[in-house]
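Chain by chain, the residues:
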Amino acid sequence: MTVLSTSTAKRGRGVVFVLATAAAIVLIFFAGSAHAGCAGAGESGKDYGCGDVVTESCTFNEDLSCPPGHGLIIGTDGIIIDGAGHKITGSETADACEWVTAETPEKGYCGILNKGYDNVVIKNLEIENFCTGIAFQGSGQNPVVNCTITNCEIHDNGNATCSSDTSIHGIHLCYVSECTISNSRIHHNTGAGDSCEAGGNGIFLYAGSEAFTNNTITKNEIYDNRKSGFFTKMKLHHARITDNHVYGNGQGGIVLRCRMSNYNLIEGNNASCNYGDGIFIGGENNTIRNNVVRNNIAGFKIGPRDVIGDGDGIDMGRSQESNNNSLIANEVCGNEGVDIEVVEGCIGNHGRDNTCDTTTNYNDEGTEGCSNACPEEINAEELAKELTEQGWVMYGTDRCPFCIKQKAEFGDAFKYINYVNCGLEENRQACEDFVRTCKEAGIKEEDIGIPAWISPNGTPYIGYHDLVKLSNLASEYRAAQPAPAPTPTPTATATSSPISTPATPGFESVLTVIAVIIVTLSFFSRERTCAKKEK
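No experiment lies behind these values; they were computed from the predicted model shown.

## Description of the packing of aromatic side chains
Logical step 1: One pass over the full model with this rule turns up 10 aromatic pairs.
Logical step 2: On the basis of an interplanar angle of 65° and a centroid distance of 5.3 Å, the ring pair of F414 and Y419 is categorised as edge-to-face.
Logical step 3: Here F414 falls in the buried class, since its relative accessible area comes to 13%.
Logical step 4: By relative accessible area, Y419 is classed as buried at 6%.
Logical step 5: Taken together, the ring pairs connect F410, F414, Y419 and W453 into an aromatic cluster.
Logical step 6: Directly above the aromatic system of Y416 lies the positively charged group of K385, at a separation of 4.7 Å from the ring centroid.
Logical step 7: The lysine or arginine in question, K405, covers the ring of Y464, its NZ or CZ lying 4.5 Å from the ring centre.

Written out as structure tokens, the structure is:
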């Protein structure tokens, strides 16, 4: 029998302790990794990760970083993919994104690919660095029906070094019916080529048949995509494109390219400050109503064959094909091309109550040109300086989308605004004072949010306001107090990292402000634009 010495026994016990500790760490690791990725809602408790086919509703509980290939693949009808605020990141390469066509988005890596399944919901998810962020791919015999994308951020997908006019986009829909994209941010998606199907649109919709109807694109922010914000071809019918903010895109804002894009509603959108036309209509019997279309820029950001790069506001641009469209109460001003243009050979385009300065081959009913002339343009720099001199203060964060939009109203002139960034630790007291001021003014806590303006006399104005509204507020204050004394305000340092869209239009709740401050404090303890956006 071998007898261990005391020292040997101690060493043996030490080895056992180390091994036991290591085993415990491994067990803890694997226990902690249970249900990582997108955790299934069913009794199986299945965990869905990169490249998996999802056959039940699931909810993300961590970010996913995927190797080359698709992110998640939809495998059945009627399921919900809830990102819960998490992100899925791909590994696209130019080779992987080549030769994708308008009808085959599956040929390139997709963050989420739905090939033929109905009643699917994708929500609360950020997707980046795939060939295409989200793809719904039906067919002429089997369209994708009643699917939804909501409250997502789809950005920085595509590859600009592809050698072909490959059809890669932020969101790619083909052969779809009764589908909805809402309350999402789609931006900085890219591609290559300058053909009709070339990549880099924010949303690309290949309808496929006039029988596939009632698709809805609403309340999205679509900006800084290489090609158009929203681009459709091949017989889009009876769609609703409403209440979107579309700006900074490289080949037009809202583009209904196909000559058979008919009976669609384009209403309540802000399609301003794009390269190319704000709204391009290639088909017939569409209704274009209550849109703001300003300051679109002439230029060929895509390529020399770009046919919609002249910076018109609203352009019925296909000869003999853009007919019988109705334009009602649109504000179309300051565009580098023509505010409202109808190309020669088109007939029956008509409207009323529009505001514009220039037209070609178009008149509102009963008048020459538009019913109303454009108002005098507000000088953003002069307004910013006046607001500061009077003593107005803006409160916000650089993470809140409506704060980003508010700052974009001023463009470069925002540097003259008294701005308190509530995302910074040094501004915590100032932001607490802001909340107190709102409560003292009788505003309920649930209604206090950002962005917000405080007047020199302490009156809060919650939410996003365009330059016209701010100019009116400055004028009213000037009339009431001709010589106001500027109110001292804290100096704030700006940062930038936009995230998800707030649930309440126009501002983020005070709870969100507090959450941002807490996150920022935790961080410290551990160690996008258009110069003339209107409305």
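## Some details on the sheet that holds strand 23 (residues 230–233)
The pairing of strands in a sheet comes from backbone hydrogen bonds and takes either a parallel or an antiparallel form.
Logical step 1: Ordered by their spatial adjacency, 12 strands build an open sheet running 3-6-9-12-16-20-23-26-29-32-35-38, and the pairing between neighbours is parallel. Strand pairing shows two members of the sheet lacking a second neighbour, strand 3 (52–54) and strand 38 (359–360), which therefore form its edges.
Logical step 2: Relative to strand 38, strand 35 (residues 340–342) runs parallel, the two sharing 2 bridges. Counterpart to E341 in the pairing with strand 38 is T360.

## So, the confidence of the model for the protein
Logical step 1: When pLDDT is averaged along the protein, the result is 84, and 81% of the positions lie at 70 or above.
Logical step 2: With pLDDT under 50 throughout, residues 1–35 is counted as low confidence; its partners more than four residues away or in other chains account for 5 contacts.
Logical step 3: pLDDT under 50 marks residues 510–535. Its contacts with residues more than four places away, or in other chains, come to 53 contacts.

## Concerning the nonpolar core
Logical step 1: By size, the foremost hydrophobic cluster in this structure holds 59 residues, and its most contacted members are I81 and F136.
Logical step 2: When sequence neighbours within four positions are dropped, the list of residues in contact with F136 reads N114, I122, V144, C147, T148, I149, H172, L173, C174, V176 and C179.
Logical step 3: Core analysis: the second largest hydrophobic core is formed by 34 residues, A384, I448, I450 and I454 among them.

## Focus: unusual backbone geometry
Logical step 1: Here I450 and P451 are connected by a cis peptide whose omega angle stands at 0°.
Logical step 2: Note on placement: P451 falls in the loop between strand 41 (449–450) and strand 42 (452–454).
Logical step 3: Positive phi, normally seen in glycine, also occurs at M234, with a value near 65°.
Logical step 4: Relative to the assigned elements, M234 resides in the loop between strand 23 and strand 24 (240–242).
Logical step 5: Residues other than glycine seldom take positive phi values, yet Y263 does so here, at roughly 60°.

Cut-off values and rules
Residue numbers run consecutively from 1 along every chain, following the written order of its sequence. Reporting in this predicted model follows two pLDDT cut-offs: at least 70 for local features of residues, and 80 or more for side-chain atom pairs to be given and counted; totals over whole chains, interfaces and linings ignore these cut-offs and use all residues. Only hydrogens and water are set aside when side-chain values are computed; all heavy atoms of the structure are taken into account. For this analysis, a ring pair means two rings from Phe, Tyr or Trp (six-membered ring only for Trp) whose centres lie within 6.5 Å, classed as stacked if their planes differ by under 30 degrees, edge-to-face if by over 60, and tilted for the remaining angles. Type-normalised accessible area, obtained with a 1.4 Å probe on protein chains alone, sets the label of each residue: buried when under 20%, exposed when over 50%, and partly exposed for intermediate values. Put simply, a charge is over a ring when the Lys NZ or the Arg CZ is close to the ring centre, within 6 Å, and near the line of the ring normal, within 35 degrees. Here, strands pair whenever DSSP counts at least two bridges between them. Comment: elements are numbered from the N terminus, with helices defined as DSSP H or I runs of at least four residues and strands as E runs of at least two. Within a predicted model, pLDDT stands for the predictor's per-residue confidence, ranging from 0 to 100. Here, two residues are considered to be in contact whenever any of their heavy atoms come within 4.5 Å of each other. Here, nonpolar core refers to any group of buried Ala, Val, Leu, Ile, Met, Phe, Trp, Tyr and Cys residues whose side-chain atoms link them within 4.5 Å.

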